[in-house]
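Geometric and topological summary
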Amino acid sequence: MTSDEDEKAKHDALKALDVKRKALEMEMAATLDELTAPSADGGAPMGVDTPLTDTDGYPRADIDIYRARNLRHRLAVIKTDHQALLQQVEAGLTNVSSFHRNSSSEDDTDAAERQARLAPKPKPKFDAATGKWVVKNWDGSVAGVPDGETRSFDNLTAQPITDQIRATLAENLTVSQGPAVNVAPPVQEEVLAPFAVIDGVMAGSPAQSAGLHEGDLVVTFGTAHRGNHRNLKAIAEMVPLAAGDHKEIPLKVLRRTHPDDNPEDSAGVEAGVHTTIQIKLQPRPWAGRGLLGCHIKAYTDPSDYREPSV
């Protein structure tokens, strides 16, 4: 990996962390709003840490106790995750800063070379090996004689590397190589087998806005497919980067179509057949959990999978 690629990877990682931070903060704000908002009839809110019982010790009848406990638990989890995320951001900033310091060190090396080139040269010396007067190069080698780059101006008595020595070194370093073999890159065939399933879609989420439905079978998710998704890790890495760049991710999904889903097409579609649907999904922070607003799990039981006919 080149230094430019390394720098881009560090910045992309920071960008992904920042997107996750914004998503957590938006979810935290929405959770706090619901906990602190008055009830529909103008009564007291559920509260963040207020008792969930009345003065007689009974569960409050004016709020949804189950909902209140879930929201409070989720808020505690968000705060913990947010704190851990801030620590990761701090570590990422340290890495980027260290990278720039190393880059500055390389700049310092270039500056040192320029300074050495501009520095006053010592007086010429007589080289007994060649019978010539020689001068010093900026890097300490000898200028004006054959093989001078292999010799030290400060130690002219050292044996120069002759052509014979160089040939011997080259012979010792020669590596026997077999005949070149041209290996054609493997041809990527279109993968139609699904590798994930949409297990749930939340209302008002980016996934719902994009048109994803619960039960959709994911064939491709951006560049991820059945052969390279790495147990869905490819999706987890792709989503925050796309959110940080405000880009859409193309999806190909299979959706089971029933005759009564669309009366106009019922005559030509067999019940239970999957149709292929192209979707563009833009991950982003929203009021709910995550950047997509849907739950994706691995699809490991293709027993009911049928190739799309349309």
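Just so it is clear, the structure is predicted and the values come from calculations on it, not from any experiment.

The rules behind each value
Residues numbered from 1 in each chain as written. Predicted model: local features only at pLDDT ≥ 70, side-chain atom pairs only at ≥ 80, totals over all residues. Heavy atoms only, no water. Helix = DSSP H or I, 4+ residues; strand = E, 2+ residues; numbered from the N terminus. Contact = heavy atoms within 4.5 Å. Areas by Shrake-Rupley, 256 points an atom, 1.4 Å probe, with all protein chains shown as cover. Salt bridge = Lys/Arg side-chain N within 4 Å of Asp/Glu carboxyl O. Buried < 20%, exposed > 50% of the residue type's maximum accessible area, 1.4 Å probe, protein only. Pairing = 2+ DSSP bridges. Expected span 1.5 Å × (residues − 1). pLDDT = per-residue confidence, 0-100. Core = buried A, V, L, I, M, F, W, Y, C linked by side-chain atoms within 4.5 Å. Polar contact = N/O pair within 3.5 Å; in protein donor to acceptor, adjacent residues only side chain to side chain.

A tally of helices and strands in the protein yields 5 helices and 8 strands. Starting at the N terminus, the α and β elements of the protein follow one another as α-α-β-β-β-α-β-α-β-α-β-β-β. At a minimum sequence separation of 6, the contacts of the protein that also span at least 24 residues come to 60%. Of the roughly 20,200 Å² that the protein leaves accessible, carbon and sulfur atoms contribute 54%.

Scanning all chains against the criterion turns up 12 salt bridges. Put simply, Arg-74 and Glu-27 hold a salt bridge, and the shortest N to O gap is 2.7 Å. A residue pair is termed long-range when its members are at least 10 positions apart, and Arg-74 in helix H2 (residues 65–118) and Glu-27 in helix H1 (residues 3–36) qualify at 47 residues. The exposure class assigned to Glu-27 is buried, which follows from its relative accessible area of 5%. The salt bridge involving Arg-289 is made with Glu-27; its shortest N-O contact spans 3.8 Å. Taken together, the residues Arg-289 in the loop between strand E7 (273–281) and strand E8 (294–298) and Glu-27 in helix H1 connect sequence positions 262 residues apart. The class of Arg-289 is partly exposed, set by a relative accessible area of 48%. Three or more residues are tied together by salt bridges with common partners; here these are Asp-18, Arg-21, Lys-22 and Glu-25.

Attention shifts here to the pairing of strand E6 (residues 249–257). Within E6, 7 of the 9 residues are buried, which leaves the element mostly enclosed by the surrounding structure. Relative to E6, strand E5 (residues 217–221) is paired through 4 bridges, and the arrangement is antiparallel. When the sheet's bridge partners are listed, Leu-217 is paired in E6 with Leu-254.

Looking at the secondary structure, you find Thr-223 in the loop between E5 and helix H5 (233–244). Placed 12 residues apart in sequence, Thr-223 and Ile-235 show a C-alpha to C-alpha distance of 9.0 Å. Ignoring sequence-local partners within four residues, the contact set of Thr-223 consists of Asn-228 and Met-238.

Spatially, the C-alpha atom of Arg-289 lies 7.5 Å from that of Leu-24, the residues being 265 residues apart in sequence. When near neighbours in sequence (up to four residues on either side) are disregarded, Arg-289 contacts Glu-27 and Arg-74.

Now for the environment of Asp-139. Summarising the element assignment, Asp-139 is placed in the loop between strand E2 (132–136) and strand E3 (142–143). Counting along the chain gives 10 residues from Asp-139 to Glu-149, while the straight-line C-alpha distance between them is 9.0 Å.

With that out of the way, let us pick up H5. Its 12 residues give H5 an end-to-end C-alpha distance of 18 Å, which sits within 8% of 16 Å, the value for a rise of 1.5 Å per residue. Every buried residue of H5 is listed here: Ala-234, Ile-235, Met-238, Val-239, Pro-240, Ala-242, Ala-243 and Gly-244. One or two residues past the end of H5 sits His-246, with phi positive at roughly 55 degrees.

It is worth spelling out unusual backbone geometry at this point. The phi torsion at Arg-230 lies on the positive side, around 55 degrees, for a residue other than glycine. Looking at the secondary structure, you find Arg-230 in the loop between E5 and H5. Given a relative accessible area of 44%, Arg-230 falls into the partly exposed group. Even without glycine at this site, His-246 takes up a positive phi of about 55 degrees.

The next subject is the confidence of the model for the protein. Here the protein averages 77 in pLDDT, while 71% of its residues score no lower than 70. Counting interchain partners and residues more than four positions distant, the pLDDT-below-50 stretch residues 173–178 has 0 contacts. Every residue in residues 263–271 scores below 50 in pLDDT, and together they form 8 contacts with partners more than four places removed in sequence or on other chains.

All right, on to the nonpolar core then. One finds Phe-195, Leu-212, Phe-221 and Leu-251 to be the most contacted residues of the largest nonpolar core, which totals 26 residues. Contributions of two or more residues to this core are made by H1, strand E4 (196–201), E5, H5, E6, E7 and E8. It is H5 that provides the largest number of residues to this core, a total of 6 residues. Once you skip the residues sitting within four places of it in the chain, Leu-212 turns out to touch Ile-198, Val-201, Ala-207, Leu-251, Val-253, Arg-255, Ile-279, Leu-281 and Cys-294. The next biggest cluster of nonpolar side chains, apart from the first, holds 16 residues, and it includes Met-46, Leu-52, Ile-63 and Val-89.

You can see His-229 is positioned in the loop between E5 and H5. Since its relative accessible area comes to 13%, His-229 is described here as buried. Of the polar contacts made by the side chain of His-229, one reaches the backbone nitrogen of Asn-231; its length is 3.1 Å. With residues near it in sequence (within four places) discarded, His-229 still touches Phe-195, Ala-224 and Ala-234.

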